[in-house]
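# Per-entry structural report
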Amino acid sequence: MKKALITGITGQDGSYLAELLLGKKYEVHGIIRRSSTFDSRSRIEPIYQSEKQRKGKTHFFLHYGDLNDASSLNKLVRTIRPDEIYNLGAQSHVRTSFDIPEYTAEVTAVGALRLLEAIREAGLSTKFYQASSSEIFGNTTDQVQSEKTPFRPVSPYAISKLFAYWATVNYRESYKIFACNGILFNHESPRRGEAFVTRKITRAVARIKLGSQEKLHLGNLDSKRDWGFAGDYVEAMWRMLQHAKADDYVVATGETHSVREFLEEAFKYVGLKWKDYVVIDPHYYRPVDVEVLCGNASKAKRILGWKPKVAFRQLVQMMVDHDLNTLNHPHSFSNP
């Protein structure tokens, strides 16, 4: 039985990846911080409970650790001896990274380096996946971004992700570690954190529809992103580590939609007009913003056999449905 170690397991991607790997008969180990609250673990609680209820030995384990603490990472890597490590942990909010740039770099950049060094020092043949981000392309002049597009990061978050990207490449080339970067474009789901604009929109739409909220405050509506479904994207992560050769891949849908389009789709789905409820608030503007990101995932499709399954409209409606159901049944414990 293969063993996988996941950082950021309590997040959106971590929870979907844990489900995927458990379904493939992996023994899954997740790292959580000791300061982690029950609320922050809500995405993995249904998975954990499901594993506890199954007949036979559980294959899902949680361990205390921190990307800021090399000793805890070294100990876990040496103890678990994982076949695969998926580094999904990060301070992952772009706007917040301008407020706490040093912490963002410490966790997002140096945290990846600590994991790579833990693998090297332990002398293991562990395969390593680094969650990179389309934000590393920044304000690129390329209309569509591929693995060959130059990087121009414009936020502390993106700069930190770029450090982690190059650290992964360096350890692959210098120490022959099987290490891959997945340059993932925006991917959403009902499990997306409420601080992110897509979930902020769908949550507000549900509240407005049900009469518990009057207005939605947003910043730049003209930003365009390549939005896919997180459940599709974790499959691409797994496929990278199953391939014979370690490499870096863009994971994207190849379509762009603006924040305004997301708004329109979400409000229209519940029979409302977004202009009646949305307030543009300068507080939510970033010091520097990336206007357009659109990924070319042809390499992942060609080599890994991966392709997205959930379309944009289906994704928006899935998120709105979830938030409506959650607000109507606040004590239900679903995990779509």
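Residues numbered from 1 in each chain as written. Predicted model: local features only at pLDDT ≥ 70, side-chain atom pairs only at ≥ 80, totals over all residues. Heavy atoms only, no water.

## Remarks on the pairing of strand E2 (residues 27-32)
The two faces of a sheet get side chains in turn, since along a regular strand they alternate between them. Threshold: The buried label goes to any residue with under 20% of its type's maximum accessible area, the exposed label to any with over 50%, and the partly exposed label to all in between, with areas taken from a 1.4 Å probe on protein chains only. Segments assigned H or I by DSSP are reported as helices when at least four residues long, segments assigned E as strands when at least two residues long, and all are numbered from the N terminus. At least two DSSP bridges between two strands are required for those strands to pair. We call a crossover right-handed when, viewed with both strands directed away from the observer, the connection leading from the first strand over the helix to the second proceeds clockwise.
The element E2 is largely enclosed, with a buried count of 6 among its 6 residues. Side chains Glu27, His29 and Ile31 project from E2 onto one buried face, and the interleaved Val28, Gly30 and Ile32 project onto a second face that is buried too. For strand E1 (residues 3-7) and E2, the ladder comprises 5 bridges, and the chain directions are parallel. Its bridge partner lying in E2, Leu5 is registered against His29. Note on the crossover from E1 through helix H1 (residues 12-23) to E2: the handedness is right-handed. Note that E2 and strand E3 (residues 60-64) share 5 bridges and pair parallel.

## Observations regarding the nonpolar core
Just so we agree on the cut-off: Grouping buried Ala, Val, Leu, Ile, Met, Phe, Trp, Tyr and Cys residues that are joined through side-chain atoms within 4.5 Å yields what is termed a nonpolar core. Every residue pair with non-hydrogen atoms within 4.5 Å of one another is taken to be in contact.
Residues Ile6, Leu21, Val28, Tyr86, Tyr129, Ile201 and Leu263 are the most contacted members of the largest nonpolar core, which totals 61 residues. Among residues more than four places away in sequence, those in contact with Ile201 are Leu216, Leu218, Val259, Phe262, Leu263 and Ala266. Formed by 20 residues, the second largest nonpolar core is a distinct cluster that contains Leu5, Leu73, Leu76 and Ile80.

## Re the packing of aromatic side chains
What counts is decided by this rule: Only the six-membered ring of Trp is used, alongside the rings of Phe and Tyr, when aromatic pairs are assigned; centres must lie within 6.5 Å, and planes under 30 degrees apart are stacked while those over 60 apart are edge-to-face, with the rest tilted. The criterion for a charge sitting over a ring is simple: Lys NZ or Arg CZ within 6 Å of the ring centre, and within 35 degrees of the ring normal.
Using the criterion set out here, one finds 14 aromatic pairs in the structure. Arranged with centres 5.1 Å apart and planes meeting at 70 degrees, the rings of Phe151 and Tyr165 form a pair that is edge-to-face. Placement of Phe151 in the loop between strand E5 (127-133) and helix H6 (156-175) and of Tyr165 in helix H6 is noted, with a sequence separation of 14 residues between them. Taken individually, Phe151 and Tyr165 each receive the classification buried, so the pair is uniform in this respect. Put simply, the rings of Phe137, Phe151, Tyr165, Trp166 and Phe185 touch in pairs and so form one group of aromatic residues. Here the guanidinium or amino end of Arg34 rests over the ring plane of Tyr64, the centre of that ring lying 3.9 Å away. Against the face of Phe196 rests Arg192, its NZ or CZ located 3.8 Å from the ring centre.

## With respect to H1
Worth spelling out the cut-off: What a helix should span is 1.5 Å times the count of its residues minus one.
Here H1 spans 17 Å end to end across 12 residues, near enough to the 16 Å set by a 1.5 Å rise per residue. The buried fraction of H1 is high, at 9 of 12 residues. Of the residues making up H1, those classed as buried are Gln12, Asp13, Gly14, Ser15, Tyr16, Leu17, Ala18, Leu21 and Leu22.

## Notes on the side chain of Arg43
The condition that has to hold: All tallies of charge rest on Lys and Arg as positive and Asp and Glu as negative; His and the ends of each chain are not included. Put simply, a salt bridge is a Lys or Arg side-chain nitrogen that is within 4 Å of an Asp or Glu carboxyl oxygen. Two N or O atoms count as a polar contact when they lie within 3.5 Å, although within protein this holds only if one can serve as hydrogen donor and the other as acceptor, and sequence-adjacent residues are included solely when both atoms are side-chain atoms.
As for its position among the elements, Arg43 is in the loop between E2 and helix H2 (45-53). As a buried residue without a salt bridge, Arg43 has its nearest oppositely charged side chain in Glu194, at a separation of 7.7 Å. Reaching out from Arg43, the side chain makes a polar contact with the backbone oxygen of Arg191 at a distance of 2.6 Å. Leave out the neighbours within four places in its chain, and Arg43 touches Thr10, Gly11, Gln12, Ser15, Arg191, Arg192, Gly193 and Asn335.

## Digging into the pairing of strand E4 (residues 84-87)
What you see with E4 is no split at all: Glu84 and Tyr86 on one side and Ile85 and Asn87 on the other are buried throughout. Sheet analysis places E1 next to E4, joined by 4 bridges and oriented parallel. Across the sheet, residue Thr7 finds its bridge partner in E4, namely Asn87. Bridge count for E4 against E5 is 4 bridges, and the pairing is parallel. Note that in E5 the partner of Ile85 across the bridge is Phe128.

## Considerations on the sheet that holds strand E11 (residues 249-251)
As a reminder of what qualifies: Helix axes are fitted to C-alpha atoms over the stretch in contact, other axes to C-alpha atoms as well, and angles between N-to-C directions run from 0 to 180 degrees.
The strand order E3-E2-E1-E4-E5-E6-E11 describes an open sheet built from 7 strands, whose pairing is parallel. Two strands in the sheet have a free side with no partner beyond their single neighbour: E3 and E11. The sheet shows a mean angle of 20 degrees between the axes of neighbouring strands, taken without regard to direction. Of the strands in this sheet, E1, E2, E3, E4 and strand E6 (179-184) touch H1, which is tilted by about 170 degrees from E1. Lying on the sheet, helix H8 (residues 230-242) is in contact with E4, E5, E6 and E11; it crosses E4 at an angle near 140 degrees.

## Comments concerning the environment of Ala4
Its location among the elements puts Ala4 in strand E1. In this structure, Ala4 is in contact with Leu21, Tyr26, Glu27, Val28, His29, Pro82, Glu84 and Tyr86, ignoring residues within four places of it in sequence.

## Things to note about the packing of helix H9 (residues 259-269) against helix H11 (residues 312-328)
Put simply, the test is: For this classification, under 35 degrees means roughly parallel, over 145 means roughly antiparallel, 65 to 115 means roughly perpendicular, and everything else is oblique. Take the far helix as the reference: if the near one is turned anticlockwise from it by less than a right angle, the crossing is left-handed, and if turned clockwise, right-handed. Note that Gly is not counted as nonpolar here; it falls among the polar residues with everything else outside the nonpolar set of Ala, Val, Leu, Ile, Met, Phe, Trp, Tyr, Cys and Pro and the charged set of Asp, Glu, Lys and Arg.
H11 packs onto H9 with a crossing angle of 55 degrees between their chain directions and a minimal axis gap of 9 Å. By the criterion of interaxial angle, the relationship of H9 to H11 is oblique. Between H9 and H11 the crossing geometry is right-handed. Of the residues in H11, those in contact with Glu261, Phe262, Glu265, Ala266, Lys268 and Tyr269 of H9 are Phe312, Arg313, Val316, Gln317, Met319, Val320 and Asp321. Tallied by class, residues from the contact of H9 with H11 come to 7 nonpolar, 1 polar and 5 charged.

## Side note on the environment of Asp69
With respect to the element layout, Asp69 can be found in the loop between E3 and helix H3 (70-80). A residue is classified by how much of its surface remains accessible, and Asp69, at 32% relative accessible area, is partly exposed. For Asp69 and Gly123, which are 54 residues apart along the polypeptide, the C-alpha to C-alpha distance reads 19 Å.

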